[in-house]
Amino acid sequence: MKAIFVFWALISLSGDRIYLTDGKEYLGKLLKIGDDSVFFAVGDSTMSFPLEDVASIDFKKNREGDEWKSAGDITDSLLLWALSGDLSDFQGAGYVNLHRLRRIVIGRDTSIVFKLRRIVRITGERGKDFANRSFLFFPEREKVSLDFARAVLPDSRVVSIRDNAIEDVSVISRPALYDSARRRKFAIPGAEIGSILDYSYTIRRERVTPDRPLYFDLSLGDREPFIRDVVEVEIPVGFRILHREEGLEGPDSTLRGNSILFRWIVTDHRGFSREPLMPPPAYLLPRLTIGISASFEEIAARYRELIEDSSEVPEEFTERFEGIADRDSLLVEVYTWVARNIKTVPLTADRFSIVPFSPEAVLENSFGTPLDKSFLLYCVLKKLGYHADFVLVPDRSRGGLIEEVPSLSQFKTALVLLGDSLYLYPAEADADMGYVDPRFQGVKGLSLRGELVRIPFLGGRKAEDSFYLKVRFDSDGGAKVELREEAKGRQALELRGLRVLSPEERKKRVEERIGKLFPSSELQNFRLLNLDDLSEPVVLEAEFSLGDFYRELGNYIFFRLPGLNYSAKEVALEKKRFPIYVEEGGSVSHRYEIEIPEGYEVKYFPKSANYESPLQRYSVVVRAKGGKIFFEDSAERLPGLFDRSSYRDFKYVVGKMSDASKSWIVLRRTDNLKYKGCLLYTSPSPRDLSTSRMPSSA
């Protein structure tokens, strides 16, 4: 223990704090650690503590307010204002945001100082999680400081953060080449219901760089209520910024000597509660975007300069594809190689860099960010003579592209555009060729030509999960099922992930999948096709038995279609407060061929129908022919942002889909034979049928 104390003593700053095993603590200065005692200065006194009575010692710099022990010691006017507020109107909130100030100071040398202060009161149990905070920074270009973090407890005591509650962690530590961003995590002490938490931090950047220009995209308000939220931007006179407001008024501006101060403010923002299919916060909160004057054409030209010296592809790499004459086959081979052989580092540009590593560096290291992999694919295809373009894209979940404030910092990654319509995104090793992460669908992107292009949504048949089932009745209330599933898009991605598993683990995962889709099933055998071919849908063929499939009641058999698992939970609300946000579109279809048992005929099956709403379509066709029932349906969910006025029609269609899952098919006996050993009861009278309850499940 002594050795540890000596080490810390060497790096100590003013404001040491000693913690004793009996719970007492003292703020002062460490003087000496002896063989069996610790000597500590507290004010004008020197105290000694037996070494075994010392729990720990913190060595930290003095932070504003560290000397405050109770509310009566507080001298900060803003914190005193927060303590005096009446929050009786805010019921049901986890916490109430009393005040937030984000202040951005821009120097003539393009240095930037960003300072945040936030004060909240914990009002509910879930609000206690607010105490765990963090922020992102880049040590190579930024200096940070946690100015203070403290709590005023309900009993008026003031507690300040200890240094052992502060930690800097890598956003990603391996591979080391990408270890550039840090996240400072800190836990504010004293997070009790009724406590006020108050913290501030500062990030200083010496200058902006071409790959990370001046740009801020800020939301005002929060899911929880906000009393006051303020953004201030101070710029030198003659310096020009662009700004765009959404959901808030333009700024007040004040001349202060050689600077101009812009100020935006939101007051009394009541927050919002969660509901199904609600948009991300970027679509619901007031939003402020700030950047410098530029055009997308200028940005594209600047970006071409940044990457032009690092776009060469090693000759020995392209030589591996010699001999593949068919251009389509060559494209599949190149795409698959990049997707599969370059390990993806899960970092977007805002967590690392918008400028990709060169193809040579990526190939040498065998890993890269999604941006790096797209750039490698783009450069290789260009060298092989394909007409390819490189398209930078923003994140749709963060609001998409802000055209009024052009900036390279808006973009998170890039896609490769082949021809006029095929977008390639090789980030996922097991995704279909042509599959794009839903965050980057339906947005405008910037091509290297300097043009804004619209990235399409990948819905419909490009993201379809198709099921083909043959069902034969068994003698024990069950059925024998033959299944063929053809999966594209998200479902194909999940199934291809099974390729790396052992046969035993793969079987287990397939059993879990079949069991989830078809409860009470028992897998007999299966096979997976096209796991290695990214240009074809993944196919799962399986045979399984299905227990508890049908019920007999007199001369009647009742059953529901297995695997038709539509639910109306997402439309449980009578009305929606917010627009409807569908992140990823797609479709699912079912085709059933059900053998009617000998001696039975169809008494009832659901009617064919077609239902449509702006974001959900559903069609169903049912017919009986040649001793079989044929059922076909198709459900398509369209991606995008839809006005809440669409909710009523959407709710109706989803309700009809749910009804289809619950609908019974009824067979009636036509003779007095037994069917495969099943006892068939005498036919009930019409009165008996009208009063009999249908089985609760099938």
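Residues numbered from 1 in each chain as written. Predicted model: local features only at pLDDT ≥ 70, side-chain atom pairs only at ≥ 80, totals over all residues. Heavy atoms only, no water.

Novice: Explain the overall build of the protein chain to me, using residue names and the numbers behind them.
Specialist: Each helix and strand in the protein chain was counted, giving 11 helices and 40 strands. Across its three principal axes, the protein chain shows a C-alpha extent of roughly 105 × 65 × 60 Å. In the protein chain, buried positions account for 51% of the 698 residues. Nonlocal contacts in the protein chain, meaning residues at least 24 apart in sequence, comprise 72% of its contacts between residues at least 6 apart. Carbon and sulfur atoms make up 47% of the accessible area of the protein chain, which amounts to about 33,300 Å² in all. Side chains of the protein chain give 102 positive and 107 negative charges; the mean places of these two sets differ by 4 Å. (Helix = DSSP H or I, 4+ residues; strand = E, 2+ residues; numbered from the N terminus. Buried < 20%, exposed > 50% of the residue type's maximum accessible area, 1.4 Å probe, protein only. Contact = heavy atoms within 4.5 Å. Areas by Shrake-Rupley, 256 points an atom, 1.4 Å probe, with all protein chains shown as cover. Lys, Arg positive; Asp, Glu negative; His and termini not counted. Charge placed at Lys NZ, Arg CZ, Asp CG, Glu CD.)

Novice: Let's hear about the nonpolar core: which residues, and what values?
Specialist: If you look at the biggest cluster of nonpolar residues, it comprises 47 residues, and the most contacted ones within it are Tyr303, Leu381, Phe390 and Leu392. Only α3 (296–307), α5 (327–341), α6 (359–365), α7 (370–383), β22 (388–393) and β23 (413–418) provide two or more residues apiece to this core. Apart from residues no more than four positions distant in its own chain, Phe390 is found in contact with Tyr303, Leu371, Ser374, Phe375, Tyr378, Ala414, Leu415, Leu446, Ser447 and Leu448. (Core = buried A, V, L, I, M, F, W, Y, C linked by side-chain atoms within 4.5 Å.)

Novice: Run through the packing of α5 against α7, naming residues and quoting values.
Specialist: In the contact formed by α5 and α7, the axes pass within 10 Å of each other and the chain directions differ by 150°. One finds that α5 runs roughly antiparallel with respect to α7. The chirality of how α5 crosses α7 is right-handed. Contacts between α5 and α7 pair Leu331, Val334, Tyr335, Val338 and Ala339 from the former with Lys373, Leu376, Leu377, Val380 and Leu381 from the latter. Here the contact of α5 with α7 is composed, by residue class, of nine nonpolar, no polar and one charged. (Axes fitted to C-alpha atoms, helices over the stretch in contact; angles between N-to-C directions. Parallel < 35°, antiparallel > 145°, perpendicular 65-115°, else oblique. Left-handed = near helix turned anticlockwise from the far one by under 90°. Nonpolar A, V, L, I, M, F, W, Y, C, P; charged D, E, K, R; others polar.)

Novice: Lay out the packing of aromatic side chains in plain terms, naming residues and giving numbers.
Specialist: Within the structure shown, the criterion is met by 35 aromatic pairs. The interplanar angle of 80° and the centroid separation of 5.4 Å between the aromatic rings of Phe317 and Phe321 together place this pair among those described as edge-to-face. Between the aromatic rings of Phe317 and Trp337, the centroid separation amounts to 4.8 Å while the plane-to-plane angle is 70°, which identifies the pairing as edge-to-face. With Phe317 in helix α4 (residues 315–318) and Trp337 in helix α5, this pair connects stretches of sequence that are 20 residues apart. A single burial state applies to Phe317 and to Trp337, both of which are buried. Aromatic ring contacts, followed pair by pair, group Tyr95, Phe114, Phe130, Phe135, Phe137, Phe186, Tyr199, Tyr201 and Phe216 into a single cluster. Positioned over the ring face of Phe130 is Arg133, at 3.9 Å from the centre of the ring. If you follow Arg327 out to its NZ or CZ, it ends over the ring of Tyr386, 4.0 Å from the centre. (Phe/Tyr/Trp six-rings, centres within 6.5 Å; stacked < 30°, edge-to-face > 60°. Lys NZ or Arg CZ within 6 Å of the ring centre and 35° of its normal.)

Novice: Account for helix α8 (residues 489–496), naming residues and giving values.
Specialist: Note on helix geometry: an α-helix contains 3.6 residues per turn, so any two residues three or four positions apart are oriented the same way. What α8 keeps buried is the set Gly489, Ala492, Leu493, Leu495 and Arg496. Lining the buried residues of α8 we find α5, β28 (479–487), α9 (503–517), β29 (521–529) and β30 (538–546).

Novice: Could you give an account of the layout of surface pockets, with specific residues and numbers?
Specialist: In this structure, the largest pocket spans a volume of roughly 1,800 Å³. Breaking the lining of the largest pocket down by element, the ones donating at least two residues are β6 (95–106), β7 (112–122), β8 (132–137), β12 (182–187), β13 (196–205) and β14 (215–219). Per-element tally for the lining of the largest pocket: the top contributor is β8, with six residues. For the lining of the largest pocket, the per-class residue count stands at 24 nonpolar, seven polar and 17 charged. Taken together, 36 residues form the lining of the second largest pocket, with Asp465, Phe467, Gln491, Leu517 and Val588 sitting closest to its centre. Split into classes, the residues belonging to the lining of the second largest pocket amount to 12 nonpolar, 11 polar and 13 charged. (1 Å grid on protein atoms, 1.4 Å probe; cavity = no way out; pocket = protein on both sides within 12 Å on 5 of 7 lines; lining within 4 Å. Points joined across faces, edges and corners; volume = space filled by probe spheres on them.)

Novice: Can you explain the sheet that holds strand β26 (residues 452–454)? Please cite residues and give values.
Specialist: Judged by pairing direction, the sheet is antiparallel, and its five strands sit side by side in the order β24-β23-β22-β25-β26 without closing on themselves. The open sheet has two edge strands, β24 (422–424) and β26, and neither has a second partner. Neighbouring strand axes in the sheet, compared pairwise and without regard to direction, differ in orientation by 40° on average. Sheet analysis places β22 next to β23, joined by six bridges and oriented antiparallel. Pairing of Asp389 across the sheet is with Leu417, part of β23. Contacts between α3 and the sheet are confined to β22, β25 (444–447) and β26, with β25 contributing the most and set at about 50° to the helix. The strands that α7 touches are β22, β23 and β24; relative to β23, the one it contacts most, it runs at about 25°. (Pairing = 2+ DSSP bridges.)

Novice: I'd love a proper account of the environment of Glu67, names of residues and values included.
Specialist: Topologically, Glu67 is positioned in the loop between β5 (54–58) and α2 (77–83). As for Glu67 and Ser170, which are separated by 103 residues in sequence, their C-alpha atoms are 32 Å apart.

Novice: Describe in detail the confidence of the model for the protein chain, supporting the description with residues and values.
Specialist: On average, the protein chain scores 91 in pLDDT, and the residues at 70 or more come to 93%. A low-confidence stretch, residues 1–14 stays under pLDDT 50, and its non-local contacts, those more than four residues away or across chains, total 22 contacts. Under a pLDDT of 50 for its full length, residues 673–698 has, in the predicted model, 50 contacts with residues more than four places off or in other chains. (pLDDT = per-residue confidence, 0-100.)

Novice: Go over the side chain of Lys576 with me, naming the residues and quoting the values.
Specialist: Residue position: Lys576 is located in the loop between β32 (556–559) and β33 (580–582). A distance of 2.8 Å separates a polar atom in the side chain of Lys576 from a polar atom in the side chain of Glu275. A polar contact of 2.7 Å, which involves the side chain of Lys576, links it to the backbone oxygen of Pro276. Those residues in contact with Lys576 that sit more than four places away from it in its chain are Glu275, Pro276, Leu277, Met278, Arg644 and Tyr647. (Polar contact = N/O pair within 3.5 Å; in protein donor to acceptor, adjacent residues only side chain to side chain.)

Novice: So what about the pairing of strand β3 (residues 37–42)? Which residues, and what values?
Specialist: As paired strands, strand β2 (residues 25–33) and β3 are joined by four bridges and run antiparallel to one another. Within the sheet, the bridge partner assigned to Leu30 lies in β3 and is Phe40. Strand direction decides the pairing type here: β3 and strand β4 (residues 45–50), joined by six bridges, are antiparallel. Pairing of Val38 across the sheet is with Phe49, part of β4. Connecting β3 to the antiparallel partner β4 that follows it, the hairpin turn spans two residues, and Gly43 within it adopts a positive phi of roughly 65°.

Novice: Provide a residue-level description of empty space enclosed by the protein, including the pertinent values.
Specialist: Evaluation of the coordinates by the stated rule reveals one cavity of 30 Å³ or more. Space inside the largest cavity adds up to approximately 90 Å³. In this structure, the largest cavity is lined by Pro210, Pro213, Leu214, Ile292, Ala294, Ile299, Arg302, Tyr303, Pro406, Ser407 and Leu408. The leading source of residues in the lining of the largest cavity is α3, at three residues. Per-class residue counts for the lining of the largest cavity are nine nonpolar, one polar and one charged.

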